[in-house]
Amino acid sequence: MKFTAGQVAELINGKVEGNKEAVITNVSKIEEGKPETLTFLANPKYTHYLYTTKADVVIINDSFVAEQTVKATLIRVPDAYKALAQLLEMYEQSQPKKSGIEQPSFIDSSATLGDFAYVGAFAYIGENVKIGNNVQIYPQAFVGDNVTIGDNSIVYAGAKIYKHCRVGENCIIHAGAVIGSDGFGFAPDENNEYKKIAQIGNVILEDNVEVGANCALDRATMGSTIIRRGAKLDNLIQIAHNVEVGENTVLAAQAGIAGSAKIGKNCMFGGQVGIAGHISIADNTKIGAQAGVGGNIKKEGQILMGSPVIDVKQFYKSSVIFRRLPELKTQLDQLQKEIDSLK
Amino acid sequence: MKFTAGQVAELINGKVEGNKEAVITNVSKIEEGKPETLTFLANPKYTHYLYTTKADVVIINDSFVAEQTVKATLIRVPDAYKALAQLLEMYEQSQPKKSGIEQPSFIDSSATLGDFAYVGAFAYIGENVKIGNNVQIYPQAFVGDNVTIGDNSIVYAGAKIYKHCRVGENCIIHAGAVIGSDGFGFAPDENNEYKKIAQIGNVILEDNVEVGANCALDRATMGSTIIRRGAKLDNLIQIAHNVEVGENTVLAAQAGIAGSAKIGKNCMFGGQVGIAGHISIADNTKIGAQAGVGGNIKKEGQILMGSPVIDVKQFYKSSVIFRRLPELKTQLDQLQKEIDSLK
Amino acid sequence: MKFTAGQVAELINGKVEGNKEAVITNVSKIEEGKPETLTFLANPKYTHYLYTTKADVVIINDSFVAEQTVKATLIRVPDAYKALAQLLEMYEQSQPKKSGIEQPSFIDSSATLGDFAYVGAFAYIGENVKIGNNVQIYPQAFVGDNVTIGDNSIVYAGAKIYKHCRVGENCIIHAGAVIGSDGFGFAPDENNEYKKIAQIGNVILEDNVEVGANCALDRATMGSTIIRRGAKLDNLIQIAHNVEVGENTVLAAQAGIAGSAKIGKNCMFGGQVGIAGHISIADNTKIGAQAGVGGNIKKEGQILMGSPVIDVKQFYKSSVIFRRLPELKTQLDQLQKEIDSLK
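Given the structure is predicted, the values throughout are model-derived calculations rather than measurements.

Calculation criteria
Residues numbered from 1 in each chain as written. Chains lettered and ligands numbered in written order. Predicted model: local features only at pLDDT ≥ 70, side-chain atom pairs only at ≥ 80, totals over all residues. Heavy atoms only, no water. Helix = DSSP H or I, 4+ residues; strand = E, 2+ residues; numbered from the N terminus. Polar contact = N/O pair within 3.5 Å; in protein donor to acceptor, adjacent residues only side chain to side chain. Phe/Tyr/Trp six-rings, centres within 6.5 Å; stacked < 30°, edge-to-face > 60°. Buried < 20%, exposed > 50% of the residue type's maximum accessible area, 1.4 Å probe, protein only. Least-squares fit on C-alpha atoms with pLDDT ≥ 70 in both. Salt bridge = Lys/Arg side-chain N within 4 Å of Asp/Glu carboxyl O. Pairing = 2+ DSSP bridges.

As a further point, take the side chain of B:D145. Within the secondary structure, B:D145 sits in the loop between β15 (142-143) and β16 (148-149). A polar side-chain atom of B:D145 sits 2.9 Å from a polar atom in the side chain of C:K98.

All told, the structure shown has 36 aromatic pairs over all chains when counted by the stated rule. Here the aromatic rings of A:Y118 and A:Y138 are separated by 5.4 Å at their centres, their planes lie at 85 degrees, and the arrangement is edge-to-face. Here A:Y138 lies in the loop between β14 (136-137) and β15 (142-143) and A:Y118 lies in strand β11 (residues 118-119), a separation of 20 residues in the sequence. For A:Y118, a relative accessible area of 1% gives the class buried. A ring pair is formed by C:F315 and C:Y316, whose centres lie 5.5 Å apart and whose planes are at 70 degrees; its orientation type is edge-to-face. Overall, the relative accessible area of 6% leaves C:F315 in the buried class. Three or more aromatic residues link up through ring pairs in this structure, and these residues are A:F315, A:Y316, A:F322, B:F315, B:Y316, B:F322, C:F315, C:Y316 and C:F322.

Another aspect to go through is the relation of the copies chain A and chain B. The two copies are related by a screw operation: chain A maps onto chain B through 120 degrees of rotation and 0.0 Å of translation along the axis, at an RMSD of 0.1 Å. Taken together, these values place the two copies in the relation of a three-fold axis.

Pairs can form between side chains of opposite charge whenever their charged atoms are close. For the structure on display, the rule yields 33 salt bridges over all chains. We note a salt bridge from A:K196 to B:E210, for which the minimum N-O separation is 2.9 Å. Of this pair, A:K196 sits in strand β23 (residues 194-196) while B:E210 is found in strand β25 (residues 210-211), placing the two residues in two different chains. Residue A:K196 is classed as partly exposed on the basis of its relative accessible area of 22%. For B:D207, the salt bridge identified is with B:R229, shortest N-O distance 3.5 Å. One end of the pair, B:D207, is in the loop between β24 (202-205) and β25; the other, B:R229, is in the loop between β27 (224-227) and β28 (232-233), with 22 residues separating them in the sequence.

Residue and element names in this part refer to chain B. Both faces of β24 are covered, namely the face carrying N202 and I204 and the face carrying V203 and L205. With 2 bridges joining them, strand β19 (residues 166-167) and β24 adopt parallel strand pairing. Among the inter-strand pairings, R166 is bridged to a residue of β24, identified as I204. Pairing between β24 and β27: 4 bridges, direction parallel. Its bridge partner lying in β27, V203 is registered against T225.

Right under this line is the structure:
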């Protein structure tokens, strides 16, 4: 690719400050900026790099006020991050898109494919599968019997969708993700041996859901495990049977949600968070990384941290004292002595 | 499917209380019960739904005493959960079962397959592999050289079994699980570079073992990593080299067991539990979610929690005070002042 | 295999103490030693097994001084673990190595393969892929368009490498690992819906990197997610977009590194460690299992533990008091009473 600062500014409705003819042939991060590259500044933590970056063009917020001389050409926009996202999207759209059916692949004769579908080599599409328009099924993906996949969804290489699951429109399922494995249900017998409880439900991903690489989403015992519209799951996440994840809720990597838990809308969970089974989490709850939730969260909009979770500010205050517990203990014992001597 | 309450009661030896002719065409969860569906009540937490559910038929414990009018027809059994499990099992058994060898698949000429085996398309079966009767190898599964798989076991789509591993009878390996990857063994040299230690052992799954989606079970450096008879592993679990997991032990999702740890029989570990290397855990140990165990657990039957683990009751008591540490510190400093003024 | 103690000693330049003609036909762990097997003693924790092991031959440190009679023949070497590693390596090298191109596989006509490459059945090699000499691509692996893989690297069964990623020489990627899935980047709109930020960067593994089973390494938004030369990643690890992992850094299983974090050289992280986004960790930092790091670690060579992390010794001291917090609270309240009565 080869653009001038002026051309880029036009694409994102920005104003050039500096050399309109500055040429860019690639993109870079501001802290590693190279000549002839375009970069951006949105996170204030990175502001100091602006003055030293070797990138020739920087997309920046209208509101930004430089405190030193800036060598790079600036493109000012109302929201630098959004403008960058727009550019990245244009770039992505300009890339060649896979299409057609590669051989060998396995498509059961009872399956139906929409228009412009891509089916990669070694992909497996079972009985009565229904696949919408513009769907991309990458190589080695597995789509079990009676699965439906809505328009414009992407199933990346080697993702596995067990039978009867339903994937909405505009979903993205990353490589290695497993949708619809058996819920973890066993009943102990009199010898302490576990008998498997058959898991006859399924998993439903509503529209606009993204599921990260190597996630595991279990099918319901009966009924459905549900990921609501617009929810986003990062990598390596565990979703147990009969869980419901609310609309536009975002789960960071390695989070785990135990069976039958119900997560509200617009929640944000940090990495490695754990949620116990059979509990409800209110809408708009934010939970910090590594936190553990053992009971219902009924009040909306809280920010929680710790295992078990408490209010985030309280958590940090208590953590500060935690590291000083030995001193505190010493102080207490010292007081004890002083009092004993006073008595 | 279409059954009457009377027919279902007959299948599970239950007594009908209400309309024997009530028709069911599907199953549902009690909190989401719909007309013409069958549901069950076992967990007392859900009792209040019984009085409002729209499900027409509910399987319920003999011992249950209603406190309000129940509209639904009840089927009383000694153990509602067990009866449900029985029904689910019957349903599962009535489903069509995959059989035969789909093409293209790769089966080395030296491999042997038992009777009624299923081998899905794009499955790979290496040299000298021995597969028992009624085994199901789903599409895109990988069975490395010299692997043996016992009768009635299921290897789901895309599961990977490295060479020399052994899988017992009636085992289930879910999609994406990896059995027999190299143990994580390296020796640092004088330049701080790590030289790989060859891992020449294997993994043994004894009979009736279930391994969840996207688990990773490493082969032993020498000898075997062993999962004993009847142990059940949820999804995304890490089992390091030379670990032994005892009979009928149950590990919840995202638990991780470090190298050479030996876990006893009939243990239950919660989600995201971590166990250090080279330690032993006594039989019947229960470990709460997110707990971390750094040393041997010698006494059987304990319930532990926290990182590092302590007795579960102690953990909850200490946690209650943890969140009040800032107050406690203030109280202490205040006392100090009072004493100083007394002196 | 069949060797005498004398022959083994010759292979590893050791001195035999005992019966040079002792025959070994297999290897075993010292605690499970069987007749006609070779074992080793390196970890002092296992010393007591030396006096009872049934293994006929034990590799042992020169410096070892027996405190009881040893029945087994000893082979003394300067470093028993290193000598064992050497033997395991010889054994591994003596095993047959896969080669050639199995059918059916999918190799795009624009891809190039080096000499002596192995491509397993159902492997997928995309457009313009460049694969070096002696590379082994196991069955069902996916190598996306424009990927390059350096000499002597191994990609195990079902590993997935998205387009544009680069794998160095002598790398090992285990089964189920995903390299180059989209970074987790979304921008919320005015309706709290998340719009995907296209992730147009890639992942670079430098030389001698090992990536464990079912890891997930996300591609950068722009630029590269980088795993530096000699770094070793255990299983089920999450590496977010734009992360950099330093040279010869070792991450244990289930660790997770959030976006744009920069991990130094020669670090060692325990299992289930979590690192927040946009922070830097100094070289030679050791972080204990399950710890969580929320801010920059600037001082090199620290050993840290806890969530949030503190010095490891401090952590253990505070943990001891944590479990006694209820007593401490009682003691404090008691003091309060005593003082009140003194006033």
